[in-house]
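Next come the chains, spelled out residue by residue.
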Protein chains: 4
Amino acid sequence: MNIAFIGLGNMGAPMARNLLKAGHTLHVFDLNQDVLAELAQLGGHVSASPKNAAAQGELVITMLPAAAHVRSVYLGEEGVLAGIRAGTPAVDCSTIDPQTARDIAAAASRQGVDLADAPVSGGTGGAQAGTLTFMVGASAQLFGQLQPVLAQMGRNIVHCGEVGTGQIAKICNNLLLGISMVGVSEAMALGNALGIDTQVLAGIINSSTGRCWSSDTYNPWPGVVETAPSSRGYSGGFGADLMLKDLGLATEAAKQARQPVILGAVAQQLYQAMSLRGDGGLDFSAIIKAYRN
Amino acid sequence: MNIAFIGLGNMGAPMARNLLKAGHTLHVFDLNQDVLAELAQLGGHVSASPKNAAAQGELVITMLPAAAHVRSVYLGEEGVLAGIRAGTPAVDCSTIDPQTARDIAAAASRQGVDLADAPVSGGTGGAQAGTLTFMVGASAQLFGQLQPVLAQMGRNIVHCGEVGTGQIAKICNNLLLGISMVGVSEAMALGNALGIDTQVLAGIINSSTGRCWSSDTYNPWPGVVETAPSSRGYSGGFGADLMLKDLGLATEAAKQARQPVILGAVAQQLYQAMSLRGDGGLDFSAIIKAYRN
Amino acid sequence: MNIAFIGLGNMGAPMARNLLKAGHTLHVFDLNQDVLAELAQLGGHVSASPKNAAAQGELVITMLPAAAHVRSVYLGEEGVLAGIRAGTPAVDCSTIDPQTARDIAAAASRQGVDLADAPVSGGTGGAQAGTLTFMVGASAQLFGQLQPVLAQMGRNIVHCGEVGTGQIAKICNNLLLGISMVGVSEAMALGNALGIDTQVLAGIINSSTGRCWSSDTYNPWPGVVETAPSSRGYSGGFGADLMLKDLGLATEAAKQARQPVILGAVAQQLYQAMSLRGDGGLDFSAIIKAYRN
Amino acid sequence: MNIAFIGLGNMGAPMARNLLKAGHTLHVFDLNQDVLAELAQLGGHVSASPKNAAAQGELVITMLPAAAHVRSVYLGEEGVLAGIRAGTPAVDCSTIDPQTARDIAAAASRQGVDLADAPVSGGTGGAQAGTLTFMVGASAQLFGQLQPVLAQMGRNIVHCGEVGTGQIAKICNNLLLGISMVGVSEAMALGNALGIDTQVLAGIINSSTGRCWSSDTYNPWPGVVETAPSSRGYSGGFGADLMLKDLGLATEAAKQARQPVILGAVAQQLYQAMSLRGDGGLDFSAIIKAYRN
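Rules and cut-offs
- Residue numbers here run from 1 along each chain, matching the order of that chain's written sequence.
- To read the labels, note that chains go from A and ligands from 1, taken in the order they are written.
- Totals for whole chains, interfaces and linings use all residues, but because this is a predicted model, local features are given only for residues with pLDDT of at least 70 and pairs of side-chain atoms are given and counted only at 80 or more.
- Water and hydrogen atoms play no part in the side-chain values, which are based on all heavy atoms of the structure.
- Contacts: residue pairs with any heavy atoms within 4.5 Å of one another.
- Values labelled buried area give the accessible surface lost by two parts on being combined, using a 1.4 Å probe and summing over both.
- What counts as a salt bridge is simple: a side-chain nitrogen of Lys or Arg found within 4 Å of a carboxyl oxygen of Asp or Glu.
- Here a polar contact is recorded for every N or O atom pair within 3.5 Å, except that within protein the pair must consist of a potential hydrogen donor and a potential acceptor, and residues adjacent in sequence are included only if both atoms are side-chain atoms.
- Helix and strand labels come from DSSP, where a helix needs a run of H or I of at least four residues and a strand needs a run of E of at least two; each type is numbered from the N terminus.
- Only Asp, Glu, Lys and Arg are considered charged in this grouping, and only Ala, Val, Leu, Ile, Met, Phe, Trp, Tyr, Cys and Pro are considered nonpolar; every other residue, Gly among them, is considered polar.
- In a helix, the anticipated span is given by 1.5 Å times the number of residues less one.
- Accessibility here uses a 1.4 Å probe with only protein chains present; expressed as a share of the type maximum, an area under 20% marks a residue as buried, one over 50% as exposed, and anything in between as partly exposed.
- A least-squares superposition brings the copies together, and it is based on the C-alpha atoms of residues with pLDDT no lower than 70 in both.
- Aromatic pairs are defined between Phe, Tyr and Trp rings, using the six-membered ring for Trp, whenever the two ring centres lie within 6.5 Å; interplanar angles under 30 degrees are classed as stacked, those over 60 as edge-to-face, and all others as tilted.
- Two conditions define a charge sitting above a ring: the NZ of Lys or the CZ of Arg must be within 6 Å of the ring centre, and it must be within 35 degrees of the ring normal.
- UniProt positions are given in the numbering used here, feature names are shortened, and annotations may be inferred rather than shown by experiment.
- Take the buried residues of types Ala, Val, Leu, Ile, Met, Phe, Trp, Tyr and Cys, join any two whose side-chain atoms come within 4.5 Å, and each joined set is a nonpolar core.
- Between any two strands, pairing holds if DSSP finds at least two bridges.
- Think of it like this: strands point away, you trace from the first strand over the helix to the second, and a clockwise trace means the crossover is right-handed.
- The way it works is a 1 Å grid over only the protein atoms, where trapped points that fit a 1.4 Å probe form a cavity and open points with protein on both sides within 12 Å along at least five of seven lines form a pocket, and then any residue with an atom within 4 Å of a point lines it.
- Grid points are joined across faces, edges and corners, and a volume is the space filled by probe spheres set on the points.

Regarding the interface of chain B and chain A
Part 1 of the reasoning: Counting from both sides, the interface comprises 56 residues of chain B and, opposite them, 56 residues of chain A.
Part 2 of the reasoning: Both sides together, the interface formed by chain B and chain A hides about 4,700 Å², and carbon and sulfur atoms give 70% of it.
Part 3 of the reasoning: The three residues of chain B that bury the most area against chain A are B:Leu194, B:Thr209 and B:Leu263, which together make up 15% of that side's buried surface.
Part 4 of the reasoning: The interface formed by chain B and chain A includes two salt bridges.
Part 5 of the reasoning: Across the salt bridge formed by B:Arg211 and A:Asp216, the nearest N and O atoms sit 3.1 Å from each other.
Part 6 of the reasoning: Between the two partners, chain B and chain A, sit 22 residue pairs in polar contact (both at pLDDT 80 or more).
Part 7 of the reasoning: Those elements giving two or more residues to the side of chain B that touches chain A turn out to be helix 6 (98-110), strand 9 (154-161), helix 9 (165-194), helix 10 (198-206), helix 11 (213-216), helix 12 (240-256) and helix 13 (262-276) of chain B.
Part 8 of the reasoning: Here the element with the most residues in the side of chain B that touches chain A is helix 9 of chain B; it accounts for 22 residues.
Part 9 of the reasoning: Looking at the side of chain B that touches chain A, its residues break down into 38 nonpolar, 14 polar and four charged.

Put into structure tokens, the structure is as follows:
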């Protein structure tokens, strides 16, 4: 299939490579010339603009850092909607606010283009291994079209509802994830301060009502889970500044929906304070450092 | 075995009944004459005081509402330590602060009595069914003595470390549980306000990084988990005022350990506000009502 | 002086009336025909668009509900910048985020227009009485030009620094105001619950280190300050939903500046929860209702 | 007058010296022999126990670090109540929880002793200069007896109501003070990050609705108030660990009264985190360091 792929950063580039491996023809665009050169060597066709790439795709995929980029890549003069043919499906894999996703889908729809939002989880590791989870907001028909292609980049392709619900699912999950990680950090640090063995404490929590992914799979206390970033100096994993971005999206969406998110707002501020202390590049489980001296 | 059992409330009475069923001889004490009469009918021997009960037991078990009661039942003039023989093992199943547990164990130790703390989880349902979890703080030897008897009242008998660690394990787990439940409530209510189907959202969270007991087993959104209190009007389950008590124990222990617990303190206050609104008798998952109109 | 006045809502209309009273010629625009008719009766000239109004003014004043309106009123096809002559001073009295204020000033500057931001405090009462406070972000020269005209609508005309600093001053003050009001509410409700007379407590606080405007001038406990909204059922005053808007601006600006505001974020969420309960139309001191049963 | 004075720490010693200067005969007790020797040199009579001191006083004054000390000094075998004559007035100037104050007053009352609580504000500087504020919980008659003596150690002698209300007034004021100081810190740090001059910002706040003691008298931004601890490296003043203690008393009293204090609980945790970072010995306005890098 001819696929236009726009946005070749830490996530987009390995995703595009997986599509090349699967035998697709890729028309790629990015502002970074180095990554374009690299994709060209792997067989990709370099386009001069999102518009040009979109004009040649039977499917358009975008993977961009934030809403402002998505807006300009789709709606700009040299953007996707200026080049895409009516009837061509498109999917934006960026993590952005649900309202922008819906606004751009509405703009696409006015020219006969069905646009899905499909943010991912799984990080750069998942992008390379092709094991990402895609949370897809799309009509049933569009989901059916996208599913086989997304499955070449990921393992779980989840249909969340109409366009925008992919973003909603992601920010709600990550809102809870951020809260849980701070909660596990407080529980582990408190247990340690009170004198229980942290390995024992984690074992009890993990077989009790406190159990959660942040405790049983990604425990922030070093040594509890050998494969977790906490056991290798909080390197790799999901950066604290990315968690901060997602908590910002969640609280902003909550503000627009006039919905309170009290612990979520506190968690966001705690990650902001962590970033201010210079630790935004560490894995997000390093928030536990705020609870230890 | 001759067992002194002191404290026959909503939890203690069914626990005592399970021990009677298992064939033990019980010497029981409580301030409530009705429950004493009921236990007597089942074959229990009514004692005039904790002292008298303890004098006749080869093992002493206590199950009391709060630290003040534990103090007076053990240390009072007519208390356990006034009657118990040196060498008799004892176990307090109340949920109290770790420091009081340690203080009373130290007092017991001075007269040759080895005292364990073993708070439970599982609620009145678990007490009746004999499926409680016991989190036991005790020497290895004492744990070995207690284990067979506790197993007649519960399913999981977990050794947490020295005396006091049972309480630590419980309050750390419940600190995290309280935070998680508020977190799930915020995520579910936000998702609903933004327009995703709550059943779909819960499914995504439960197979993703937000998964936790409060979401997959005890989801606060009605209808998501059919067996959860949220699906029956928030009746039964674990009362919000009990969660408030446990969060109070956790933040108090944190204060004494000079350890911050930021989200835990906010969760405590949210449960306090819920109690002020008159909802303290509902299941603790009803905290989600603060997020819906 | 010929003044273009755009935005005649609850604040703008009485401000415009004060300028008419002071003898200026006003060229007015609003989407609401009724208020235009009313201003016309008072001698105002109705313009067909912001562009037309601006074309006829020696000074342009705008007073709009939010950043989106300011953007479109200045930058739209029929907007101020399409009609204004180079060299004409302009001042936006709306309360918006500092970045938008700076962006629009930059756009104005590119066509030779010096634009100030001058958000106000004092409410509709102050607008009618001409006793508003203006927090002005402008060059020293522009401030000098604006000062005499602003003084016909307000009592305190404060120069905060370059453009944008008016907005910064307002959101920082109101961030603190929101926090203080919640703090006073907690202190008064706690004192009452513990058994001190609230009048006595307020007196002590007001002569001690807890003293603040929210306690000595605007105390949320009914009867403590006879002129405060709390003494008349929380009617009138500064609406809770307006405080919520300002806290939203503050936390959003903080996010962009990567600056934590922990209590501010919690205060915002508490006002959001108040709004969800249906009390957003009450004076913002009614937040104390969350602390009383 | 013969006065028993028990507790000669950083606050008690200078208070006792002021009473000696005023011509009273003092019977002093403390565990610290050095300070006893010093007071003896100034003419004080050293007693062997609180009991002995109390036996010789026409008035008993105590000034102790925490509730546990107050309990033992009054109720211990060698305590005040073991020596005091019925009818002798007594006043405890310690800052403790209101319930303990009331409990001890009730015990005193049973033997004919009228006990007041009278916690102070003003710090060691105020103790030395004799300019303390006393917040007095006492019957009107007892207040009348105490007032002249307290006035020899302080400037403001405020009658708050019956016994216990002195403590209530102090913890409610300091709850608000802690919240205000964090609020001012967030507002000043945010303003600075957004680009307004901090001196200008403080000026605007201080003449607007955000004004409070923490901003106009004790501003945490260095250089804004020349006499504030922030302008001398956060030395001197009111230590962060003392604020932490008072916030702990407030949240504990709130818990017992089943009263939520949401911002108060967060402020307590922020001071706990500050203490964990090793800054508990700085003035409490140094909380602003958490908001700056």
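Overview of helix 13 (residues 262-276) of chain D
All names here are of chain D.
Part 1 of the reasoning: Between its terminal C-alpha atoms helix 13 stretches 21 Å, which fits the 21 Å expected from 15 residues at 1.5 Å a residue.
Part 2 of the reasoning: Among the 15 residues of helix 13, 15 are classified as buried, and the element is accordingly described as predominantly covered.
Part 3 of the reasoning: Gly278 sits one or two positions beyond helix 13 and adopts a positive phi of about 95°.

A look at the environment of C:Ser230
Residue and element names in this part refer to chain C.
Part 1 of the reasoning: The residue Ser230 is located in the loop between helix 11 (213-216) and helix 12 (240-256) in this model.
Part 2 of the reasoning: Judged by relative accessible area, which is 3%, Ser230 ranks as buried.
Part 3 of the reasoning: Sequence separation between Ser230 and Ala286 is 56 residues, and the spatial gap between their C-alpha atoms is 7.0 Å.
Part 4 of the reasoning: Apart from residues no more than four positions distant in its own chain, Ser230 is found in contact with Asn219, Pro220, Trp221, Pro222 and Ser285.

Some words on the relation of the copies chain B and chain A
Part 1 of the reasoning: By a simple turn and slide, chain B fits onto chain A: the slide is 0.0 Å along the axis, the RMSD is 0.0 Å, and the turn is 180°. Between the two chains, the operation in question is that of a two-fold axis. Across chain B, the rotation axis passes nearest the C-alpha of B:Cys212, at a separation of 2.0 Å.
Part 2 of the reasoning: By residue overlap, the copies meet face to face through one surface: 100% of the interface positions of chain B are interface positions in chain A.

Some points on the interface of chain D and chain A
Accessible area lost upon the coming together of the parts is a frequently used measure of interface size.
Part 1 of the reasoning: Contacts between the two partners involve five residues from chain D and, on the opposite side, five residues from chain A.
Part 2 of the reasoning: Looking at the side of chain D facing chain A, the largest losses of area belong to D:Leu276, D:Ala290 and D:Asn293, adding up to 70% of the total buried there.
Part 3 of the reasoning: Where chain D packs against chain A, one counts zero residue pairs in polar contact (both at pLDDT 80 or more).
Part 4 of the reasoning: Of the residues contributing to the side of chain D that touches chain A, the split by class is three nonpolar, one polar and one charged.

Looking at the side chain of C:Thr62
Residues and elements named next belong to chain C.
Part 1 of the reasoning: Mapped onto the elements, Thr62 comes out in strand 4 (residues 59-62).
Part 2 of the reasoning: Thr62 sits in the buried class, given a relative accessible area of 0%.
Part 3 of the reasoning: There is a polar contact of 2.7 Å between the side chain of Thr62 and the side chain of Asp92.

Topic: the packing of aromatic side chains
Part 1 of the reasoning: Within the structure shown, the criterion is met by twelve aromatic pairs over all chains.
Part 2 of the reasoning: When the centroid spacing of 5.6 Å and the interplanar angle of 70° are considered together, the rings of A:Phe238 and A:Phe284 count as edge-to-face. With A:Phe238 in the loop between helix 11 (213-216) and helix 12 (240-256) and A:Phe284 in the segment after helix 13 (262-276), this residue pair connects regions lying 46 residues apart in the sequence.
Part 3 of the reasoning: The exposure class of A:Phe238 is partly exposed, given its relative accessible area of 22%.
Part 4 of the reasoning: With a centroid separation of 4.6 Å and 20° between ring planes, the pair formed by B:Trp213 and B:Tyr218 is classed as stacked. The pair formed by B:Trp213 and B:Tyr218 is uniform in burial state, with each residue classed as buried.
Part 5 of the reasoning: Here D:Arg292 stacks its cationic end above the ring of D:Trp221, 3.8 Å away from the centre of that ring.

Observations concerning the UniProt feature "active site" (unreviewed entry) in chain A
Part 1 of the reasoning: Per the UniProt annotation, the sites labelled "active site" (unreviewed entry) are A:Lys170.
Part 2 of the reasoning: Within the secondary structure layout, A:Lys170 lies in helix 9 (residues 165-194).

Overview of the pattern of salt bridges
Part 1 of the reasoning: Under the counting rule described, the total for this entry stands at 24 salt bridges over all chains.
Part 2 of the reasoning: Where C:Lys255 meets C:Glu252, a salt bridge forms, and the shortest distance between an N and an O atom there is 3.6 Å. Separated by three residues within a single helix, C:Lys255 and C:Glu252 lie in helix 12, roughly one turn from each other.
Part 3 of the reasoning: One salt bridge connects D:Asp103 with D:Arg71, and the closest N-O pair in it is separated by 4.0 Å. With a gap of 32 residues between them, D:Asp103 in helix 6 (residues 98-109) and D:Arg71 in helix 4 (residues 67-75) connect regions that are remote in the sequence.
Part 4 of the reasoning: Here D:Arg71 falls in the partly exposed class, since its relative accessible area comes to 36%.

A look at the nonpolar core
As a rule of thumb, nonpolar side chains are buried together in soluble globular proteins.
Part 1 of the reasoning: Counting residues in hydrophobic clusters, the biggest one holds 208 residues, and the most contacted among them are A:Tyr271, B:Tyr271, C:Tyr271 and D:Tyr271.
Part 2 of the reasoning: Once residues lying within four places of it in the same chain are set aside, the contact partners of B:Tyr271 are B:Gly178, B:Met181, B:Val182, B:Ala240, B:Met243, B:Leu244, B:Leu247, B:Phe284 and B:Ile287.

Some details on the pairing of strand 8 (residues 132-137) of chain A
All names here are of chain A.
Part 1 of the reasoning: Among the six residues that make up strand 8, six are buried, leaving the element largely enclosed by the rest of the structure.
Part 2 of the reasoning: With six bridges joining them, strand 8 and strand 9 (residues 154-161) adopt parallel strand pairing. Residue pairing in the sheet places Met135 in a bridge with Val158 of strand 9.
Part 3 of the reasoning: The parallel pair strand 8 and strand 9, bridged by helix 8 (residues 140-150), forms a crossover whose chirality is right-handed.

Some details on empty space enclosed by the protein
Leftover empty space is mapped by rolling, across the atoms, a probe with the size of a water molecule.
Part 1 of the reasoning: Per the counting criterion, the structure on display carries eight cavities of 30 Å³ or more.
Part 2 of the reasoning: Approximately 170 Å³ is the volume found for the largest cavity.
Part 3 of the reasoning: Around the largest cavity sit 17 residues that line it, and B:Thr251, B:Glu252, B:Gln268, D:Thr251 and D:Gln268 are the ones nearest its centre.
Part 4 of the reasoning: Split by residue class, the lining of the largest cavity holds four nonpolar, nine polar and four charged.
Part 5 of the reasoning: There is about 120 Å³ of room inside the second largest cavity.
Part 6 of the reasoning: Forming the boundary of the second largest cavity are 14 residues, of which A:Thr251, A:Glu252, A:Gln268, C:Thr251 and C:Gln268 lie nearest the centre.
Part 7 of the reasoning: Mapped by element, the contributors of at least two residues to the lining of the second largest cavity are helix 12 and helix 13 of chain A together with helix 12 and helix 13 (262-276) of chain C.
Part 8 of the reasoning: The class makeup of the residues in the lining of the second largest cavity is two nonpolar, eight polar and four charged.

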